[in-house]
Amino acid sequence: MKWKNSLLCMAAMVVLAGVTCYILLKDHSMGTLWAVLKNADLRFVLLGLFLMVLFVGCEAAVIRLLAGTWGGSVPWKRAMQYSFAGFYFSSITPSSTGGQPMQLYYMVRDGMSAARSSFALLTITAMYQLMALAYGVGMGLLKFSYLMGLPLALKLLICFGIVANGISVAFILLILFCRPLVERMVYRVLRLLNHFPSFDGEKAAQKAGSMIEEYSQGGAYLRKYPMAAVKTAVLTFCQLTFLYMASYCACLALGLGSVGLVNFIMLQSIVSLAVSAVPLPGAVGASESGFLVMFSGFLSSSQLLPVMVLSRGISFYGFLVVSGLAVASLHIGKKGTPKKEKEVCSRAHGPVYKQFSVSEDLH
């Protein structure tokens, strides 16, 4: 992602955040809200930020784990920087589309194989979506009676999040373990779309083929090393739990520990699943509104807004600043020549499936 585009995405997110703040706060006293927030216990705010560091640390551990299975080695500091980059660019781009390409860019720039890096990031993305879906649906089943009492709009948003993530996870799993079926499905759809004059069937087929090849090769690798998949799943579960616990620190900071950690994690995981498919940078607006509605049965009207503001401040806005600083250190830490930078950009954004071989490249 060019820095000009990065700044545009950041500006769009700031505008969305500003509009969201205006809509949510226009009927509330800013003086009262500030009086509550300034008395928050700073120890729990710092604890929340530390849990967010553990959140990115889990992804860094997965990067190191996958690199280790093919004999590679990624230092902890560098793996953490890659993870911070993923959080930062995912947060400022619609539908979190910018995180993985930028992580791949930095990995390739640092001399890692484009194919291996791509495989690691695809595995991380697939596992994150799978575990977020399982986490949210599992907690939703446990809180089913409570969810039935929510407004229709939020129930529809939850259903949309489940369906969108379910389709995505199912498609990824099919590519990983049943490639021929997916190829037939995709190319039938492409043949239908090819009847539209503006549709570039050749370009779409090339992109689809590249993606299918990458995921299917990754599936072959995971079948060969199943413990790598199991460990990745465990680390991803811990990653999500740290994320939800970080938000809970807002309750502790405001002296509302009576809400209960388990109840909070249950509801936060459902909110996160519901807004994950919203095509806005950081799901700004949807996350805040969803939180206010979801937790209205556990917090009073005077408690709800301060908890939401502090929760999002810890787990998103505040940590976005932290991750931005980490990305800055990563970006200036090692710069190649202009020719090298151009080459890296081309490799990071172009198809890598021709370089990827389970038998040769990963072993």
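Residues numbered from 1 in each chain as written. Predicted model: local features only at pLDDT ≥ 70, side-chain atom pairs only at ≥ 80, totals over all residues. Heavy atoms only, no water.

Caption draft 1: Main features of a nonpolar patch on the surface. The grouping of Leu47, Phe50 and Val53 at the surface amounts to a nonpolar patch, some 230 Å² of accessible area in total. Structurally, Leu47 can be placed in helix H3 (residues 42-69). For Leu47, a relative accessible area of 34% translates into the label partly exposed. (Patch = residues over 30% accessible without salt bridge, like charges linked within 9 Å, V, L, I, M, F, W, Y side chains within 5 Å. Areas by Shrake-Rupley, 256 points an atom, 1.4 Å probe, with all protein chains shown as cover. Salt bridge = Lys/Arg side-chain N within 4 Å of Asp/Glu carboxyl O. Helix = DSSP H or I, 4+ residues; strand = E, 2+ residues; numbered from the N terminus. Buried < 20%, exposed > 50% of the residue type's maximum accessible area, 1.4 Å probe, protein only.)

Caption draft 2: Inspection of the side chain of Ser117 at higher detail. Inspection of the secondary structure assignment puts Ser117 in helix H6 (residues 114-142). Of the residues examined, Ser117 reaches a relative accessible area of 1% and is grouped as buried. In this structure, Ser117 is in contact with Leu104, Met107 and Met112, ignoring residues within four places of it in sequence. (Contact = heavy atoms within 4.5 Å.)

Caption draft 3: Structural detail: the packing of H3 against helix H11 (residues 226-253). Interaxial distance between H3 and H11 falls to 7 Å at its minimum, and their mutual angle equals 170°. In terms of axis orientation, H3 runs roughly antiparallel to H11. Classifying every residue of the contact of H3 with H11 by side-chain character gives 22 nonpolar, 4 polar and 2 charged. (Axes fitted to C-alpha atoms, helices over the stretch in contact; angles between N-to-C directions. Parallel < 35°, antiparallel > 145°, perpendicular 65-115°, else oblique. Nonpolar A, V, L, I, M, F, W, Y, C, P; charged D, E, K, R; others polar.)

Caption draft 4: Spotlight on the nonpolar core. Core analysis: the biggest nonpolar cluster contains 84 residues, and Tyr106, Met294 and Leu310 have the highest contact counts within it. Take this core: its biggest share by element is 12 residues, from H11. Counting residues in hydrophobic clusters, the runner-up holds 11 residues, among them Leu176, Val186, Leu190 and Ile212. (Core = buried A, V, L, I, M, F, W, Y, C linked by side-chain atoms within 4.5 Å.)

Caption draft 5: Main features of the state of the cysteines. Enumeration according to the criterion identifies 0 disulfides in this entry. Counting only cysteine sulfurs, Cys58 is the nearest neighbor of Cys238, a cysteine outside any disulfide, at a range of 5.6 Å. Classification of Cys238 by relative accessible area gives partly exposed; the value is 29%. (Disulfide = S-S within 2.5 Å.)

Caption draft 6: Molecular detail of H11. The terminal C-alpha atoms of H11 lie 41 Å apart, and with 28 residues this matches the ideal 40 Å at 1.5 Å per residue to within 8%. Most pronounced at Ser247, the bend in H11 amounts to some 25°. Residue Gly255 follows H11 closely and has a positive phi angle near 75°. (Expected span 1.5 Å × (residues − 1). Bend = angle between axes of the 7 residues up to and from the residue.)

Caption draft 7: Structural detail: the packing of aromatic side chains. One pass over the full model with this rule turns up 13 aromatic pairs. Measuring from ring centre to ring centre gives 5.1 Å for Tyr135 and Phe237, while their planes differ by 15°; the resulting arrangement is stacked. Taken together, the residues span a long stretch of sequence, with Tyr135 in helix H6 and Phe237 in helix H11 at a distance of 102 residues. The class of Tyr135 is buried, set by a relative accessible area of 9%. Members of the aromatic cluster, each reached through a chain of ring pairs, are Phe55, Phe84, Phe87 and Phe319. Of note, Arg312 hangs over the ring of Phe316, and the distance from its end group to the ring centre comes to 4.5 Å. (Phe/Tyr/Trp six-rings, centres within 6.5 Å; stacked < 30°, edge-to-face > 60°. Lys NZ or Arg CZ within 6 Å of the ring centre and 35° of its normal.)

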